[in-house]
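Chain and residue survey
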Amino acid sequence: MTTERLRIEIGGLVQGVGFRPFVYRLANDCGLHGWVANDSRGVQLEVQGSPSGIREFMHRLTRESPARARITSLGSKPAPVKPAKGFSIRTSRGGEAAAAILLPDLAPCDECLREMADPANRRFRYPFINCTQCGPRFSIVSKLPYDRANTTMAGYVLCPECRQEYTDPLDRRFHAEPIACPVCGPRLMLRDTRGNRLATGDEALQRAADAVRDGGILALKGVGGFQLLVDAASSPSIERLRRRKRRPEKPFAVLYSDIGLVERECHVSPLERTLLCGAERPIVLLARRTGSEAGVAGNVAPGNPNLGVMLPGSPLHQLLMSMLQRPAVCTSGNLSGEPLCSDDTDAITRLGGIADIFLTHDRRISNSLDDSVVREVDGGPLLLRRARGYVPAPVELPPEAPAVDLVAVGADLKNCPAIARGRRVFLAQHIGDLDNRRGLDAFEQTIARLRESSASPDDKLVCDLHPGYVSRRWVLKQGARATGVQHHVAHFFSCMAEHGYSGPALGICWDGTGFGSDGTLRGSEFLQWDGASTVKHICCLREFPLPGGEAAIREPRRQAAALLFALPDGQGALREFLQSNFSAQEGRNLSRILGKEELAPRCSSGGRLFDAVAALLGLCQVTSFEGQAAMAVEHAAQGSASGRCYPFALTAGANGRVLDWSPMVNALLEDQRRGITTGERAAAFHNTLARMMLAVAEAAGIDNVFLSGGVFQNRRLAETTSALLRGRGFMVHSHRLVPPNDGGIALGQIYYTRCMERCGSDAAEGRSVCV
Amino acid sequence: VGHGSGGELSQRLISELIRPHFDNPWLRQAHDSATLCPGSERIVFTTDSFVVSPLFFPGGDIGELAVYGTVNDLAMSGAVPRFLSCSLILEEGLPMQTLDRALASMGRAARDTGVQLVTGDTKVVERGKGDGLYINTAGIGVLEHSEVIAPERIAPGDLILLSGDIGRHGMAVMATREGLEFESPLRSDCAPLAEPVLALLNAGITVHCLRDLTRGGLATALVELAESAGRELVVEEAAIPVSEPVQGACELLGLDPLYVANEGRFIAFVPADRAVEALAILQGTAVAADSRVIGSASTGHRPRVIMRNTIGSERLLDRLPGEQLPRIC
Ligand SMILES: [Fe+3]
Ligand SMILES: [Mg+2]
Ligand SMILES: [Zn+2]
Ligand SMILES: [Zn+2]
């Protein structure tokens, strides 16, 4: 009988998913000798045996691979036959550039939950139970390859029983790197606001649950960092949290112990159910049922028909929630806009003034990351914040783009940098805002981490064109080769990259404000990509002033005044609006600055149009958090099925076409005089925007349309627009796993730069070399 | 216009375009004024040009500015201001009474600060080629102490003293120009600063560094010093006084008072053990009566400025890249 030996290399999501034990069992099944090992690129193995055994092995290798594994490459070549010594699992080696894909953090699997609930199991009520199918991954890794020694579990010496499980290829915890038990693993600890240890183990858990039940604010060390928990039914506790966190109105998410309770409070579609129960365990934005607000106080999400809901993402959360037996508000343990706290000392210093008590443990967090936020839009998921559960899964670019090594720094708010290696783009976790010291520190650390995982001396840096962006200034200070990409071009290419698309396309990029190549503030761009070398701006909204720049963004009423100021024959309406929404002096001052461009720069922003309409509808005059006004308009429309639409005009402008909103604003005002409900007017406003987008798409005549920018977080607008465009034969592509907001900018910066490298062009819209 | 705003563009204009043509050791001091040692006496020399619209505003006018601006630069070296030159650039058609009013005000300011105006020049430019009146002054002062007052002397632990509320000059000028009105009137802080500085030095207080806040405001002054000194500076937001009308005007225009111009405010870096004493001396003078400690130089080596708010959030202050543009998306 002949003997063959084969060397096999596998790339993809193959580490930390039980792949090597699977190979071990399979090789034994097929009667083969050899070995398997992780390396920085994936899994390497050699098998030796009869040709039929090897054939069977190869056949079953891809078919029967573990549920969480994803093979993206598989290569094999003959190798010299060696003495047969059985099959072994070798320990990993580090080495060259790590291209192996690491798994995100995974929620506890059913099997582990069963064990945790079983009094006879040695991990009964153990909050750090995990296996090869579940548990922490990215958050505990300090370097690749993914081995216990390279995680924050390195310091825990395995007890004999854990060692047995870890080394037994037939055990479901074989090489479960974070394996732990009450004897040898991490322990819970309860601390007061000065860091004093109050209790450990089950007692710590019990007292933490009691504290929440008694109305206290609990800081809980979660998977990616600290979270703040309070009883969701207690409005005084929530009020206290709001006061201490200086977060007067922005909605909080709610953590539930199980899906049944969620369904009592909210409508849950099949997709939403899948998202809620998936291993990623994001916060899912759901529509609340009317009249069932028993478990959740009104000030959790004031005036909001939706609720952000989450199920336990770790065994610790599961235990705590089942002890608590009621939903809890669960929000990031940070100060507004800052990255979250991930170690005890930092948390106690920064959150000491907010939390009453700390439930923590001694397993270090290596990569801190926030909870992800997702919403069902147009029949699919739409990630609004990409972090725990999703990072570090890469996005794969279309094959034709050349593989220049790039680091893209993204935008300044909702910052999220990315690195490109070959066709893969690794987007970092949502970092937050860069205007604060801790945000900038996290930004620098994250970029350093991204780069050390696969070092490249030739990284080219890519940033936005906005001269005030901290991220851009950071890039310019590095002295490396740098390129700038226009903000909305980046949004557009981010959406195309996510869909692996490279042909001719129309990009509809609507957001708050992005810096245009001509120095104007844009936010309603229609961009045309020829599929080869050129992006052209073909249309945007008619401009209106932004009185007081960033200050106007906090005051939608100013934006409304600006819109009326720019409205032909709007003087009467402006006077009336100023009178009813400002003091006489404020009104006079505002009128004086509206016409002055240096004090009220012109903008063409979709987000600001939403703000203005929110104020005109009387929904929101002054905001306390970003996006509040636009959300209010969307929520107002949520109750109306009206298909009405206001008139608008598509006219020729100096730089392409211009969408003139003035007929719409006139009609909106007229409706108000006629006493049409706010809901119906808000719905008609959404319908009009969708019609505007259709009109421009038809004028452009390009089949593939990509929707991007923060405005498309609005479900009503995204769905109406998509349906309308599809009805006329357009192929509509929306974001799915990359946020439409500025969290997706870095991906677009990379993809656009790659496309420009390919065609050697530098004349396209959005291209500008940093000097 | 951005090149004159005191932000990043001004900085680049100076370091890339102007300084290379005149490089010498005195210019390289990169301070508000240059210290020269012609004989045994150390003298201090500086110059400044004054362009403001309108020429007269609540709390001051171009004449006062032209004297105080230069006197203050001398004072920031710890010098006693002595002599001043004055060049006038007049636009054809400037009413004589206007000029007279400005000059009278200059004379009063010079007398009040004890400087002698000893030389000058006048030029007239065609109508439309000037904003009525530009003034350039140069000043000479004498150092009567041996203290070296410069950014390099800023040491970890030094406390930062601010002489009063910020942003009044910039907002008073802008409100007058744009015709804006507020509950309580906005008045410029335009004032001479030699008195409080000399009071500190005469009391034997070690002063490591002084800087008057002009264009670019408090934030720009701090950033420049952090960079020249190679130190991290930390300031407390709550300790920085901003008057209600300045706050209101800034909110209306979307400006940050930290970046708004002042003409009668300065910061002093003083070793912590002398700070209480220094503060008492400053508070005893009329122009610095509202002095307070706003922060300190930290042990950090990254040259940057951190502003901490009351809940512990830390914002990084940087130079303005020209105008203030919104970043919210
Ligand atoms: Fe954007
Ligand atoms: Mg000066
Ligand atoms: Zn498991
Ligand atoms: Zn154990």
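Residues numbered from 1 in each chain as written. Chains lettered and ligands numbered in written order. Predicted model: local features only at pLDDT ≥ 70, side-chain atom pairs only at ≥ 80, totals over all residues. Heavy atoms only, no water.

So, on to the domain arrangement of chain A. All names here are of chain A. Each domain of chain A was delimited in the assignment, giving domain 1 (4-89), domain 2 (188-374) and domain 3 (540-734). Here the C-alpha centroids of domain 2 and domain 3 sit 35 Å apart. Each side of the interface is counted separately: domain 2 has nine residues, and domain 3 has seven residues. For the pair domain 2 and domain 3, the summed buried surface comes to about 590 Å²; carbon and sulfur atoms form 51% of the total. Counting the surface domain 2 buries against domain 3, the share from its top three residues, Glu-249, Lys-250 and Pro-305, is 51%. Counting every contact that joins domain 2 to domain 3 gives one salt bridge. (Domains from an automatic or database assignment. Contact = heavy atoms within 4.5 Å. Buried area = accessible area lost by both parts, 1.4 Å probe. Salt bridge = Lys/Arg side-chain N within 4 Å of Asp/Glu carboxyl O.)

Within the largest apolar cluster, 125 residues are counted, with the highest numbers of intra-cluster contacts made by Leu-359, Trp-510, Phe-526 and Trp-661 of chain A. No other element matches the eleven residues that helix H21 (residues 678-700) of chain A contributes to this core. Of all hydrophobic cores here, the second largest spans 47 residues; its members include Val-71, Cys-86, Ala-109 and Ile-135 of chain B. (Core = buried A, V, L, I, M, F, W, Y, C linked by side-chain atoms within 4.5 Å. Buried < 20%, exposed > 50% of the residue type's maximum accessible area, 1.4 Å probe, protein only. Helix = DSSP H or I, 4+ residues; strand = E, 2+ residues; numbered from the N terminus.)

The protein atoms that coordinate the magnesium ion (ligand 2) are Asp-48 of chain B (OD) and Asp-73 of chain B (OD), at distances of 2.3 to 2.4 Å. Of the two residues, Asp-48 of chain B sits in strand E2 (residues 42-50) while Asp-73 of chain B sits in helix H2 (residues 62-75), which places them 25 residues apart along the sequence. (Donors = N, O, S within 2.8 Å, 3.2 Å for Na, K, Ca; no water.)

One widely used convention gives an interface's size as the accessible area the parts lose upon coming together. Residues and elements named next belong to chain B. In terms of domain boundaries, chain B breaks down into domain 1 (31-143) and domain 2 (151-317). Just the C-alpha atoms count here: the centres of domain 1 and domain 2 sit 23 Å apart. If you look at the interface, domain 1 gives 23 residues, while domain 2 gives 22 residues. Here domain 1 packs against domain 2, burying approximately 1800 Å² in sum over the two surfaces, 67% of which is carbon and sulfur. Where domain 1 packs against domain 2, one counts zero salt bridges. For the side of domain 1 that touches domain 2, the secondary-structure elements that each account for two or more residues are strand E3 (56-57), H2 and strand E5 (79-91). The dominant element in the side of domain 1 that touches domain 2, judged by the number of residues it contributes, is H2, at eight residues. A per-class count over the side of domain 1 that touches domain 2 returns 13 nonpolar, seven polar and three charged. (Nonpolar A, V, L, I, M, F, W, Y, C, P; charged D, E, K, R; others polar.)

Residues and elements named next belong to chain A. Here helix H9 (residues 315-324) lies mainly inside the structure; nine of its ten residues are buried. Listed as buried for H9 are Pro-315, Leu-316, His-317, Gln-318, Leu-319, Leu-320, Met-321, Met-323 and Leu-324. Once H9 finishes, Gln-325 follows within two positions and takes phi at roughly 55°, a positive value.

Time to look at the pattern of salt bridges. Within this structure, the stated rule accounts for 76 salt bridges over all chains. Ionic pairing is found between Asp-370 of chain A and Arg-385 of chain A, a salt bridge with its closest N-O pair at 3.5 Å. One end of the pair, Asp-370 of chain A, is in the loop between strand E14 (357-361) and strand E15 (373-377); the other, Arg-385 of chain A, is in strand E16 (residues 380-385), and 15 residues separate them in sequence. Comparing Asp-370 of chain A with Arg-385 of chain A shows no difference in burial state: the two are buried. Salt-bridge contacts for Arg-438 of chain A lead to Glu-314 of chain B; the nearest nitrogen and oxygen are separated by 3.9 Å. Taken together, the positions of Arg-438 of chain A in helix H11 (residues 437-452) and Glu-314 of chain B in strand E14 (residues 314-317) put the pair across two chains. An identical accessibility class is assigned to Arg-438 of chain A and Glu-314 of chain B; each is buried. Connected through salt bridges with shared partners, the residues Glu-338, Asp-346, Arg-350, Arg-437, Arg-438 and Asp-441 of chain A together with Glu-232, Glu-236, Arg-304, Arg-308 and Glu-314 of chain B form a single ionic network.

This next bit is on the coordination of the zinc ion (ligand 4). Residue and element names in this part refer to chain A. Distances from the zinc ion (ligand 4) to its protein donors, namely Cys-159 (SG), Cys-162 (SG), Cys-181 (SG) and Cys-184 (SG), fall within the range 2.2 to 2.4 Å. Geometry at the zinc ion (ligand 4) is tetrahedral, judged from the four donor atoms that bind it and their angles of 104 to 117° at the metal. Summarised as a motif, the one-chain spacing of the donors to the zinc ion (ligand 4) is C-x2-C-x18-C-x2-C. Linking Cys-162 in helix H4 (residues 160-167) with Cys-184 in the loop between H4 and strand E6 (188-191), this pair joins segments that are 22 residues apart in sequence. (Tetrahedral: all angles 85-135°; square planar, octahedral: opposite > 155°, others 65-115°.)

Okay, the packing of H2 of chain B against helix H3 (residues 96-113) of chain B next. Residues and elements named next belong to chain B. Two numbers describe how H2 lies on H3: the axes approach to 7 Å, and their chain directions differ by 30°. At the point where H2 passes H3, the crossing takes the right-handed sense. Between H2, through Ile-62, Gly-63, Glu-64, Ala-66, Val-67, Tyr-68 and Val-71, and H3, the contact on the second element is made entirely by Ala-102, Ser-105, Met-106, Arg-108, Ala-109, Ala-110, Asp-112 and Thr-113. The residue inventory of the contact of H2 with H3, partitioned by class, reads nine nonpolar, three polar and three charged. (Axes fitted to C-alpha atoms, helices over the stretch in contact; angles between N-to-C directions. Left-handed = near helix turned anticlockwise from the far one by under 90°.)

Now for the confidence of the model for chain A. When pLDDT is averaged along chain A, the result is 93, and 97% of the positions lie at 70 or above. Confidence over residues 763-771 of chain A falls short of pLDDT 50; this stretch has 37 contacts with residues more than four positions distant or in other chains. (pLDDT = per-residue confidence, 0-100.)

Our next topic: the sheet that holds E14 of chain B. All names here are of chain B. Ordered by their spatial adjacency, seven strands build an open sheet running E9-E11-E8-E12-E10-E13-E14, and the pairing between neighbours is mixed. Each end of this open sheet is capped by a strand with a single partner; those strands are strand E9 (209-212) and E14. The sheet shows a mean angle of 25° between the axes of neighbouring strands, direction not considered. Here five bridges tie strand E10 (residues 232-236) to strand E13 (residues 304-308), and the two strands are oriented parallel to one another. Of the residues in E13, the one forming a bridge with Leu-233 is Val-305. (Pairing = 2+ DSSP bridges.)

Next up on the list: the interface of chain A and chain B. Every contact between the two is made by 45 residues of chain A and, on the other side, 32 residues of chain B. When chain A packs against chain B, the two sides together hide about 3500 Å² of surface, and 50% of this comes from carbon and sulfur. Of all residues in chain A, Arg-437, Arg-473 and Glu-550 of chain A bury the most surface against chain B, accounting for 18% of the area lost on that side. The interface formed by chain A and chain B includes eight salt bridges.

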